[in-house]
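Below are the chains, spelled out letter by letter.
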Amino acid sequence: MSQIVVEALSKTYRIAERDPGLLGAVRGLVRRRWRAIEALADVSFTVGRGELVGLIGPNGAGKSTTIKILSGILEPTSGRCEIDGLTPWRQRVRHVARIGVVFGQRSQLWWDLPVIDGFDLLRDIYRVPPARYRASLGELVSLMRLERVLDQPVRQLSLGQRMRCEIAASLLHEPALLFLDEPTIGLDAPSKLAVRELVGRLNRERGVTVILTTHDMHDIEALADRVIVIGAGRILADGPFDELRAGVLSERRLSVDFTGEAPELAIPGVRLIERDGRRLELAFDPRLTPAPELISRIVADHPVDDIHVEEPLIEEVVARFYDLHGASEA
Amino acid sequence: MIAAAARPYLAGFRARFQQMLQYRAAALAGFGTQCWWGTIKVMVLTAFYQARPLGAGPMTLADSIAYTWLAQALLALQPWAADPEIVLAVKSGGVGYDRVRPLDAYGWWFVRAIGWMTSRAAPRAALMYAVAGVILPAVGLGRWAWSAPASAPAAAFFAASITLGTLLAGAMTVLLDLIVAATMNERGVNLLLTPLTILLSGNLLPLLLFPDWARNWLFVQPFASLLDIPLRLYFGLLTGPGALEALALQALWVVLLVGGGRWWMGRLMRRLQVQGG
């Protein structure tokens, strides 16, 4: 059964427009022109209990708007959304008691207070019974390795420590659904890995449904079974990442180090990308020429030192996908 | 049941109170400024009474002086600016987090406003009382001191009235917060409210010392309920039915401004556009 049902969701913002310069500013005082911005147009999807879904798309695509509607912050212009039978913006208080939210670019902890005071305040906000709170806090502290930061004021934490605290803060009331809006933004490599591991464990071990937005495709590769791509307010793709990759860019790379000078190769379906002394970089389509066949043809005719096959970088796949759909930010 | 319902709001009040108490330097600086202004106002009032004796006028000099110390002590209870924490949240988009809490949005801002104001007022009032209420009489300057309430009933009326005044100040602060949320800027509203509050609450000059033609009007406008009415009760200038009427007037303003604030907040939050990201 679906936990989240989204049907034909649309959101239009109205923004004031004015001509540039002083004259434009003066004119804007007298008569204001409004322009409608369509942030979301006819977005539909469903998410099952326990799924981990990555929501990706270029800046301004509508990812955050989607998260804000799903978490009850924004009211859509039209469309339907039901999460565990509740409409987020109509039954906001009941809905938000059951979800956890992290906005990577903002802080929900009190800047001047020690972390633990912020956690205690959230305990009271969500009316968590004391025994449940102790158990939940203990588990999260060891899971996120927060023992040493609990009594520090939030402003003294590093970004990585803070983000671990933010995620813990969103889970103190044991929500069954977690929204993470760019949880790895600005983090260094070890912190990113830690956050990914945590999110993965929450999903696997506690069965928490997770909706994650990110610009870091490694987050998606490491975590998400399913990717929803949004561009210009519309859903462009919805499925496993491998499917997306195959549909967009089936091409793979082969780099060969020859023993002598690199030869001229003429194999149908194989494209030369770069020749560098004894090395050749080739691009091929594995559906036309499978890698083993290509490699055996090359080594049969030429002495070879080393050979390896590479998949295109995940960023390349996504950039190409956005371009194909005209979704890259203007 | 009620305890469970009130738990988040009590916690929000406590957290805000605790947080503000950390700022000792600000409290001391505020206290210093308020002493300085208090002294000047006491000197001006004395000169005014000596130049033009009022006889059995509306207020004695002694009461005017004590009024001044009380007004200075309770300055932080005046709604003269939007809550800076809410201003920051509105501008940074952090206000989105307020919307994902299972709370009544108005109640949450209201308790934080009260926590913010009372936490700033409490240490300043205590220091002011120590100086103007204890030290001045002890060193023989009793003429210039902060005197006790007129009577036991006056003290009780004052306690009830200053509580209502504080609730009203909270309601006004939330209205200021809402103006900031609607306009994305706090400077205009703060600039307007500071002089308005200082003048109309009686902080600058007790409202009884204003010209006769203005007094009735000044009594019923909402800012009088913040300070002037509680202080009239303190000095026994309003007693019996008059005192009860004054309390009813304060309660009416609280109900009106809380109701209006709630209605506006509901509208505003529906079309709120959380900035950025």
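Everything numeric here is computed off the predicted structure, so don't read it as measured data. (Residues numbered from 1 in each chain as written. Chains lettered and ligands numbered in written order. Predicted model: local features only at pLDDT ≥ 70, side-chain atom pairs only at ≥ 80, totals over all residues.)

Caption draft 1: Representation of the overall build of chain B within the structure. Across its full length, chain B holds 11 helices and 0 strands. Along chain B, helices and strands appear, N-terminal first, in the series α-α-α-α-α-α-α-α-α-α-α. Taking 2.2 N^0.38 as the reference for a compact globule, 277 residues should give roughly 19 Å; the C-alpha atoms of chain B span a radius of gyration of 20 Å, in line with that estimate. For chain B, the spread of C-alpha atoms along the principal axes amounts to about 65 × 40 × 40 Å. Per-residue burial over chain B gives 43% buried out of 277 residues. For chain B, the share of sequence-separated contacts (at least 6 apart) that also reach a separation of at least 24 residues comes to 81%. (Helix = DSSP H or I, 4+ residues; strand = E, 2+ residues; numbered from the N terminus. Rg over C-alpha atoms; globule rule 2.2 N^0.38 Å. Buried ≥ 20, exposed ≤ 12 C-beta atoms within 10 Å, placed from the backbone. Contact = placed C-beta atoms within 7 Å.)

Caption draft 2: How the structure looks around the overall build of chain A. Looking only at helices and strands, chain A has 11 helices and 13 strands in total. When its C-alpha atoms are laid out on the principal axes, chain A stretches across 75 × 60 × 45 Å. Taken over 330 residues, chain A has a buried fraction of 38%. Within chain A, residue pairs in contact and separated by at least 24 positions form 71% of the contacts whose partners lie at least 6 positions apart.

Caption draft 3: Structural context of the sheet that holds strand β10 (residues 252-258) of chain A. All names here are of chain A. Pairing within the open sheet is antiparallel, and its 4 strands lie in the order β11-β12-β10-β13. Taken across any chain shown, the strands that pair with only one partner, and hence form the sheet edges, are β11 (270-276) and β13 (304-310). Adjacent strand axes in the sheet meet at a mean angle of 20°, parallel and antiparallel pairs treated alike. Note that β11 and strand β12 (residues 279-284) share 6 bridges and pair antiparallel. (Pairing = 2+ DSSP bridges. Axes fitted to C-alpha atoms, helices over the stretch in contact; angles between N-to-C directions.)

Caption draft 4: The sheet that holds strand β7 (residues 209-213) of chain A, seen in detail. Residue and element names in this part refer to chain A. Overall, mixed pairing links the 6 strands, which are arranged β5-β6-β7-β3-β8-β9 in an open sheet. Two strands bound the open sheet, and with one partner strand each, they are β5 (99-103) and β9 (234-239). The mean inter-strand angle of the sheet, taken between neighbouring strand axes irrespective of direction, is 15°. Direction of pairing for strand β3 (residues 52-56) relative to strand β8 (residues 226-231): parallel, over a ladder of 4 bridges. By the bridge assignment for β8, G54 is matched with V227.

Caption draft 5: Spotlight on the environment of A:R253. All names here are of chain A. Within the element layout of this structure, R253 appears in strand β10. Note on R253: 15 C-beta atoms within 10 Å, which makes it partly exposed. Residues in contact with R253, not counting those within four places in the same chain, are E281, A283, E310 and P312.

Caption draft 6: Inspection of the domain arrangement of chain A at higher detail. Under the domain assignment, chain A is made up of domain 1 (47-246) and domain 2 (250-311). The centre of domain 1 of chain A, based on its C-alpha atoms, is set 44 Å off from the matching centre of domain 2 of chain A. (Domains from an automatic or database assignment.)

Caption draft 7: Broad picture of helix α8 (residues 187-200) of chain B. All names here are of chain B. The terminal C-alpha atoms of α8, which comprises 14 residues, lie 20 Å apart, in line with the 20 Å expected from a rise of 1.5 Å per residue. Residues of α8 that are buried include every one of V189, L193 and T197, and no others. Against the buried residues of α8 lie α7 (152-183). G202 sits one or two positions beyond α8 and adopts a positive phi of about 100°. (Expected span 1.5 Å × (residues − 1).)

Caption draft 8: Representation of the interface of chain B and chain A in the model. Taken together, the contact pairs 21 residues of chain B with 27 residues of chain A. Elements that contribute at least two residues to the side of chain B that touches chain A include exactly α1 (2-21) and α5 (95-99) of chain B. Broken down by element, the side of chain B that touches chain A gets its largest block of residues, 6 residues, from α1(B). For the side of chain B that touches chain A, the class distribution of residues is 9 nonpolar, 8 polar and 4 charged. (Nonpolar A, V, L, I, M, F, W, Y, C, P; charged D, E, K, R; others polar.)

Caption draft 9: Quick look at the packing of helix α6 (residues 159-169) of chain A against helix α7 (residues 189-206) of chain A. All names here are of chain A. Interhelical geometry of α6 versus α7 gives an angle of 15° and a closest axis separation of 10 Å. Taken as axis vectors, α6 and α7 run roughly parallel relative to one another. Handedness of the α6/α7 crossing: right-handed. Here G160, M163, R164 and I167 of α6 lie close against α7, whose contacting residues are S191, A194, V195 and L198. Residues belonging to the contact of α6 with α7 are distributed by class as follows: 5 nonpolar, 2 polar and 1 charged. (Parallel < 35°, antiparallel > 145°, perpendicular 65-115°, else oblique. Left-handed = near helix turned anticlockwise from the far one by under 90°.)

Caption draft 10: Here's a closer look at unusual backbone geometry. Residues and elements named next belong to chain A. In the Ramachandran plot, R145 falls in the positive-phi region, its phi being about 55° despite a non-glycine side chain. C-beta crowding within 10 Å serves as the criterion here: with 12 such atoms nearby, R145 is assigned to the exposed category. Despite not being glycine, E174 has its phi angle at roughly 50°, a positive value. In this fold, E174 is placed in the loop between α6 and β6 (177-181).

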